[in-house]
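Chain and residue survey
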Amino acid sequence: MTPVKSAGKLHVGRALWYVAPGRVEIRPERLSVPGPGEALVRTLYSGVSRGTERLISQGMVPSSEWQRMRAPMQAGDFPFPVKYGYCATGVIEDGPDDLVGRTVFCLHPHQDRFVAPLDMLCAVPPAVPARRATLAANMETALNAHWDAATGPSDRIVIVGAGIVGLLVAVIGARLPGADVTVIDIDPGRRDIVTQLGARFCLPADAPADADVVFHTSASAPGLATAIGCAGLESRVVELSWYGDKQIAAPLGGAFHARRVQLISSQVGQVAASRRPRWSYRRRLLAALKLLEDTRLDPLVAEEIAFEETPRHLPALLADAKGLAPVVKY
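In short, a report on the structure. Starting from 1, residues in each chain are numbered consecutively following that chain's sequence as written. For a predicted model such as this one, the threshold for reporting local features is a pLDDT of at least 70, and the threshold for listing and counting side-chain atom pairs is 80 or more; totals across whole chains, interfaces and linings nevertheless cover every residue. Hydrogen atoms and water are omitted, and side-chain values are computed over all heavy atoms in the structure.

With that settled, consider the packing of aromatic side chains. Here is the rule: rings of Phe, Tyr and Trp (six-membered ring for Trp) pair when centre to centre is within 6.5 Å. Planes less than 30 degrees apart are stacked, more than 60 are edge-to-face, and the remainder are tilted. With the rule as written, the count across this model stands at four aromatic pairs. Aromatic side chains phenylalanine 78 and tyrosine 84 sit 5.8 Å apart centroid to centroid with 50° between the ring planes, which places their arrangement in the tilted category. By the burial criterion, phenylalanine 78 is buried, and tyrosine 84 matches it. What links up through ring pairs into an aromatic cluster is the set Phe78, Tyr84 and Tyr86. Above the plane of the ring of tryptophan 17 lies arginine 27, whose end atom (NZ or CZ) is 5.2 Å from the centre. Note on classification: 1.4 Å probe, protein chains only; a residue is buried when its accessible area is under 20% of the maximum for its type, exposed when over 50%, partly exposed between these limits. Over a ring means this: the NZ of a Lys or the CZ of an Arg is within 6 Å of the ring centre and within 35 degrees of the ring normal.

Across a sheet, strands are paired by hydrogen bonds formed along the backbone, either parallel or antiparallel in direction. Any two strands are treated as partners once DSSP identifies two or more bridges connecting them. Secondary structure counts use DSSP, requiring at least four H or I residues in a row for a helix and at least two E residues in a row for a strand, with both numbered from the N terminus. If you walk across this open sheet you meet the six strands as β13-β12-β11-β14-β15-β16, and the pairing is parallel. Both outer strands of the open sheet, β13 (200-202) and β16 (262-265), are each paired with one neighbouring strand and no more. Between one strand and the next, the sheet's axes are offset by a mean angle of 20°, whatever the strand orientation. Note that strand β15 (residues 231-239) and β16 share four bridges and pair parallel. Its bridge partner lying in β16, valine 238 is registered against isoleucine 264. For helices, the fitted line uses only the C-alpha atoms of the stretch in contact; every axis is such a line through C-alpha atoms, and the angle between N-to-C directions lies from 0 to 180 degrees.

On to unusual backbone geometry. A cis amide bond links phenylalanine 78 with the next residue in sequence, proline 79, at an omega value of 0°. Going from phenylalanine 80 to proline 81, the amide bond is cis rather than trans, its omega being -15°. You can see proline 81 is positioned in the loop between β5 (75-76) and β6 (82-83). With phi around 70°, serine 154 is a residue other than glycine that occupies positive phi space. Note that serine 154 resides in the loop between α3 (136-149) and β11 (156-160). Take serine 154: its relative accessible area is 54%, and that puts it in the exposed class. A positive phi angle is found at glutamate 234, which is not glycine, with a value near 55°.

Two kinds of site are reported from a 1 Å grid over the protein atoms alone, namely cavities, where a 1.4 Å probe fits but cannot get out, and pockets, open sets with protein on both sides within 12 Å along at least five of seven lines, and residues are called lining when an atom falls within 4 Å of a point. Grid points are joined across faces, edges and corners, and a volume is the space filled by probe spheres set on the points. Taken as a whole and judged by the stated rule, the model has one cavity of 30 Å³ or more. What the largest cavity holds in volume is close to 30 Å³. When residues are grouped by polarity, Ala, Val, Leu, Ile, Met, Phe, Trp, Tyr, Cys and Pro land in nonpolar, Asp, Glu, Lys and Arg in charged, and all others, Gly among them, in polar. Across the lining of the largest cavity, the residue classes break down as five nonpolar, three polar and no charged.

Right, let's talk about the pattern of salt bridges for a bit. Each reported salt bridge corresponds to a side-chain nitrogen of Lys or Arg within 4 Å of a carboxyl oxygen of Asp or Glu. Considering all chains together, one arrives at 20 salt bridges under this definition. Here arginine 27 ties to glutamate 25 by a salt bridge, and the two come within 3.1 Å at their closest N and O atoms. Across the pair arginine 68 and glutamate 65 runs a salt bridge, and its minimum N-O distance is 2.8 Å. Linked through salt bridges whose partners overlap, the residues forming this network are Arg14, Asp112 and Glu308.

With that settled, consider the nonpolar core. Here, the term nonpolar core denotes a set of buried Ala, Val, Leu, Ile, Met, Phe, Trp, Tyr and Cys residues that are joined through side-chain atoms within 4.5 Å. Tyr18, Tyr84, Phe215, Leu297, Leu300 and Leu314 are the most contacted members of the largest nonpolar core, which has 70 residues in total. In this description, contact between two residues means that some pair of their heavy atoms is separated by no more than 4.5 Å. Sequence-distant contacts of tyrosine 84, that is, excluding residues within four places in its chain, are made with Leu16, Tyr18, Thr52, Glu53, Ile56, Met69, Ala71, Gln74, Phe78, Pro109 and His110. In terms of nonpolar packing, the next biggest core, distinct from the first, is built from 14 residues, Val160, Cys202, Val214 and Ile228 among them.

This is how it looks when you write it as structure tokens:
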């Protein structure tokens, strides 16, 4: 593998690796020269998927999921050491002349420079800043969830959990004509951001009933119980949380069967069945980037860590479940 050479200067990349529970390192990466159909990208920001990367940083990916959980350009193997991540935005430095200088999104781990196939690089719309574009993978998850849920105009929609995915599900729901969207969370501090995104906020004690569709994103047993309790007759509860190797109790007694509630999984690894015959992964990602043309989403990207500081600060940030969407700045 030959290091990239540009204007007489040799380049190597640096990447973040999860190496043990609660410990990360920055390691050098030798970069191959971009070949036909490839480009060299200088990273501007990479988003940290707080829920997924918390589980990875603690070695909590069950062995049964080691292959299914691999990120598109992951290196190493679970549990450790592993180079992981899938929310990078950057500028093409070397590649086809008509693409050099363009800002792109890539499903790539945290790394300051990388070489990737052109078909994995999606142009970021001019109206979307590179920092906000790190939300693209989570927006894909939210879009896929709405397809799985078959939401529609004037639906009564409830989202349990005001984390990043829950808030993006709310954003899409609030854009449906006539939809009544409520976000439930245990943290009253999320009220303002939920309201700014066009939805109502309430605490679990005030959870509404008889919803047409309920999304659960809190990754907790009490949250799942709240979600099922909000479901109306023959409505659908869409589970988006991933629990790693943790076992969760599902309250399927009471009126669960009498109300004929559907409890379904939604996961972004496959395009929703209702769209799969016509939608590729790339088309879905481009749609997610377009949905990010909304300045109200900027507060979701609330915390920033310098890449050089990730070994010192990232483990503590991942240990805190209350934050929104942290980004690494390069």
